[in-house]
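Overview (structure and organization)
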Amino acid sequence: QVQLVESGGGLVQPGGSLRLSCAASGSIFSINYMGWYRQAPGKQRDLVARITNVGSTDYADSAKGRFTISRDNAKNTVYLQMNSLKPEDTAVYYCRAGVRKTSTTTYITTYWGQGTQVTVSS
């Protein structure tokens, strides 16, 4: 199995910053992509940012210019640096990873973390 463990959430004032981390462990041969999604109460889970194993990135419009996703392939860890936070960024943030579990398969299995709460409020 594969586990994704997120950390770094919390309460921050508007305009502040947070850095989220997500570490993957378990039966991993390689990780094709890692990303962050968020879900506010009563809303669907939406993409925030994602990054491939070669460093290509994709951001939601709401995250462009404020959030930066990065990845440490050696540690199987993805980070989300969030700056200029707004109250509308309040949500549970989930890590997602597409994992190739062995060298003999090309199949990518998707895993989710348990989520970390980010609250932006004065």
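Here the structure is shown first, and the text comes after it.
Computed from a prediction, not measured in an experiment: that's the story for all the values here.

1. Digging into the overall build of the chain
Summing up its helical and strand segments, the chain has zero helices and 11 strands in all. Going residue by residue from the N terminus, the α and β elements of the chain occur as β-β-β-β-β-β-β-β-β-β-β. Relative to the 2.2 N^0.38 estimate, which gives 14 Å for 122 residues, the radius of gyration of the chain is 14 Å and therefore close to what a compact globule would have. Summarising its shape, the C-alpha atoms of the chain cover approximately 50 × 25 × 25 Å along the three principal directions. Relative to its full complement of 122 residues, the chain shows a buried share of 39%. In the chain, once contacts between residues fewer than 6 apart in sequence are set aside, the share between residues at least 24 apart is 56%. In the structure as shown, the chain presents an accessible area of about 6,400 Å², 47% of it carried by carbon and sulfur atoms. One way to put it: in the chain the 13 positive side-chain charges average out to a point 6 Å from where the 7 negative ones average out.

2. Re the layout of surface pockets
Counted as a void, the largest pocket has a volume near 200 Å³. Together, 14 residues line the largest pocket, and Arg38, Ala40, Lys43, Asp46 and Glu88 are the ones closest to its centre. Going through the elements one at a time, strand S4 (30-39) and strand S5 (46-52) are the ones with two or more residues in the lining of the largest pocket. Among the elements that line the lining of the largest pocket, the one with the most residues is S5, at three residues. Considered class by class, the residues forming the lining of the largest pocket number five nonpolar, four polar and five charged.

Rules and cut-offs
Once a new chain begins, its residue numbering starts again from 1 and follows that chain's sequence as written. With pLDDT at 70 or above as the cut-off, local features in this predicted model cover only qualifying residues; side-chain atom pairs require 80 or more to be listed or tallied, and sums for whole chains, interfaces and linings still use all residues. With hydrogens and water excluded, all non-hydrogen atoms of the structure serve as input to the side-chain values. Helix and strand definitions here come from DSSP, where helices need a minimum of 4 consecutive H or I residues and strands a minimum of 2 consecutive E residues; each element is numbered from the N-terminal end. Here the globule rule is a power law, 2.2 Å times the number of residues to the power 0.38, and the radius of gyration is based on C-alpha atoms. The buried label applies to any residue whose accessible area, calculated with a 1.4 Å probe on protein chains only, is under 20% of its type's maximum; exposed applies above 50%, and partly exposed to all values in between. Pairs of residues are marked as contacts when any of their non-hydrogen atoms sit within 4.5 Å. In this description, accessible areas are obtained by the Shrake-Rupley approach with a 1.4 Å probe, and a residue is regarded as covered only by the protein chains that are shown. His is not counted here, nor are the chain ends, while Lys and Arg score as positive and Asp and Glu score as negative. For this purpose, a charge sits on NZ of Lys, CZ of Arg, CG of Asp or CD of Glu. Cavities and pockets were defined on a 1 Å grid built over protein atoms only: a cavity is a set of grid points that admits a 1.4 Å probe from which the probe cannot escape, a pocket is an open set flanked by protein on both sides within 12 Å along at least five of seven lines, and lining residues are those with an atom within 4 Å of any such point. Grid points are joined across faces, edges and corners, and a volume is the space filled by probe spheres set on the points. For this classification, Asp, Glu, Lys and Arg are treated as charged, while Ala, Val, Leu, Ile, Met, Phe, Trp, Tyr, Cys and Pro are nonpolar and the rest, including Gly, are polar.

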